[in-house]
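What follows is the residue order along each chain.
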Amino acid sequence: MQISVIGAGYVGLTTAACLAEIGHQVLCADSDLDKLKELNAGRLPFFEPHLDALVKRNTASGRLQFTSPAEAIEQGIAIFICVGTPPLENGEADLSAIESVARTIASSARGYRLVIEKSTVPVQTAKRLWKHLSIYNVTGLEFDVVSNPEFLREGSAVGDFFHPDRIVIGAESPRAVALMKEIYRPVLTSQTTCPVHSQCPSSHEIPLIVTDTNSAELVKHASNSFLAMKISFINLVADACEAAGADIAKVAEGMGSDKRIGQSFLNPGIGFGGFCFPKDLQAFVRIGEKLGCDFSLLKEVEKINLRRADQFVAKVKKELWVLRGKTLAIWGLAFKPDTDDVRFAPALNIVRRLLAEGASIRAYDPQAMEKAKEELPGITYCLSHYEAAQGADAVLVLTEWNEFRNLDWDTLSRTVAHPLLIDGRNLYHADEAAAHGFAYICIGKEPHAGTDHVPAANGCEPAPADTVSPVTSASSQPVSVPAVS
Ligand code: UDX
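Residues numbered from 1 in each chain as written. Predicted model: local features only at pLDDT ≥ 70, side-chain atom pairs only at ≥ 80, totals over all residues. Heavy atoms only, no water.

(A) Summary view of the packing of aromatic side chains. Scanning the model with the defined rule gives 12 aromatic pairs in all. Summarising the aromatic geometry, the rings of phenylalanine 272 and phenylalanine 277 are spaced 5.8 Å apart at their centres and angled 80° between planes, so their arrangement reads as edge-to-face. In this structure phenylalanine 272 comes out as buried when scored by relative accessible area, which is 8%. A relative accessible area of 12% means that phenylalanine 277 is categorised as buried. Linked through ring pairs, Phe161, Phe162 and Tyr184 together constitute an aromatic cluster. The cationic tip of arginine 103 hangs over the ring face of tyrosine 136; the distance from NZ or CZ to the ring centre is 4.2 Å. Over the ring of tyrosine 381 we find lysine 373, and its NZ or CZ is 5.4 Å from the ring centre. (Phe/Tyr/Trp six-rings, centres within 6.5 Å; stacked < 30°, edge-to-face > 60°. Buried < 20%, exposed > 50% of the residue type's maximum accessible area, 1.4 Å probe, protein only. Lys NZ or Arg CZ within 6 Å of the ring centre and 35° of its normal.)

(B) Highlighting empty space enclosed by the protein. All told, the structure shown has two cavities of 30 Å³ or more when counted by the stated rule. Within this model, the largest cavity holds a volume of roughly 60 Å³. Here the lining of the largest cavity is composed, by residue class, of two nonpolar, four polar and five charged. In this model, the second largest cavity occupies a volume close to 50 Å³. Residue lining of the second largest cavity: Thr85, Pro86, Pro87, Gly91, Ala93, Thr120, His221, Lys279, Asp280 and Ala283, and that is the complete set. At three residues, the largest contribution of residues to the lining of the second largest cavity is made by helix α11 (residues 277-290). Considering only residue class, the lining of the second largest cavity consists of four nonpolar, four polar and two charged. (1 Å grid on protein atoms, 1.4 Å probe; cavity = no way out; pocket = protein on both sides within 12 Å on 5 of 7 lines; lining within 4 Å. Points joined across faces, edges and corners; volume = space filled by probe spheres on them. Nonpolar A, V, L, I, M, F, W, Y, C, P; charged D, E, K, R; others polar. Helix = DSSP H or I, 4+ residues; strand = E, 2+ residues; numbered from the N terminus.)

Listed below in structure tokens is the structure:
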């Protein structure tokens, strides 16, 4: 099918490249001419695993082309609107870019158009769009408006397109539903070669949820707000674990084993970031207000999340007392691994607070340093996490990149000034750190040999305290615990 995608951001570029990959003829457009020039030169505006190769392969085959919005709207039968809906001052979503695409469609397109809303928008936007197209329709255009919310995650966007948990279609006409099924047929029937996995995860029937446009739009905000709530909830429980002397990893495992809860998105840490959860949460709160619904629950989710940075900085100060003149190594700046995106990244908040306390920062991130330099000009950017740790009074882990996982502890302990690891993503094990003479502080577990005990510099420590606690690992039988008097 001749498809046009307006907006070449994460959602637009991924959608355009993947639709071309499954055989459609795709025009991808953006009003940013510099971005178009870069794309036509084969340079992507962001790092996303597998996307570069996909764009190259499909431009080479001629199935994917980059052009102006006007030309794309003229050519495409199905038009995916993937423009940005950034937050306005009051947290509401800015829909001006969507409105302007609608104007162009209404004033220039001829014949029939399937107008597909893929940007994250407040409920009732598709109805508004339909009305707007009708008002400004000067060409006698026939059209349908569809809501097709996107659920891709940065860092795994291409895989998420080929293996979606569901595809949601909000439409008011059978013709529109039929066309959408046609567009996604190769994915729905798993008749595609997935560019991500050599061995694809077992192909299961992908649920296709067909509903009205309002319900489809609400699926997106409700899903993102629920996931954000799940993260804030586990962070809240992590606080309780620290205070009570429990182990969040075990508590999360216990919770997540309940299928009604599920294991995913129960990783405690320094809070959620990125361009979706924070803004979608705010937008949903505003939508609630407009609809006369009390969404104070979501306001709490936001508050809990904003507190994470303060709580983490408090951990650092508890260990190092005065931060002025201290050198801190930062491992990870991106809001999550496998992306170069630092928008609303918790690491930015934390580093700004540490700088305000007078600490000097040596940072490393595998992908996000160029983008971080625009936000954090006053810190030292290093070529590796070991270089960042040079002379550090503490190593702070802020993004759980895979390359940080298998640590060369000996190299690290020769590099740091003080063997202290404060882990905001629970990447390591306390006893592993202790075995290498490191004090280890993480999220949702009691500090380990850190707090009131300064380990001999670079010396090993005795076995950690928690060997006596009543832990039951998957393999071992529960140990008997003396009755609590
Ligand atoms: C999210 C949604 O997952 C996706 O469906 C939607 O389309 C866009 O928004 P994304 O923002 O790319 O995707 O990242 P996600 O993987 O959801 O992580 C969001 C944030 O939550 C990250 O900062 C991550 O570090 C944090 N997170 C995630 C946790 O702190 N704990 C978890 O258990 C999971």
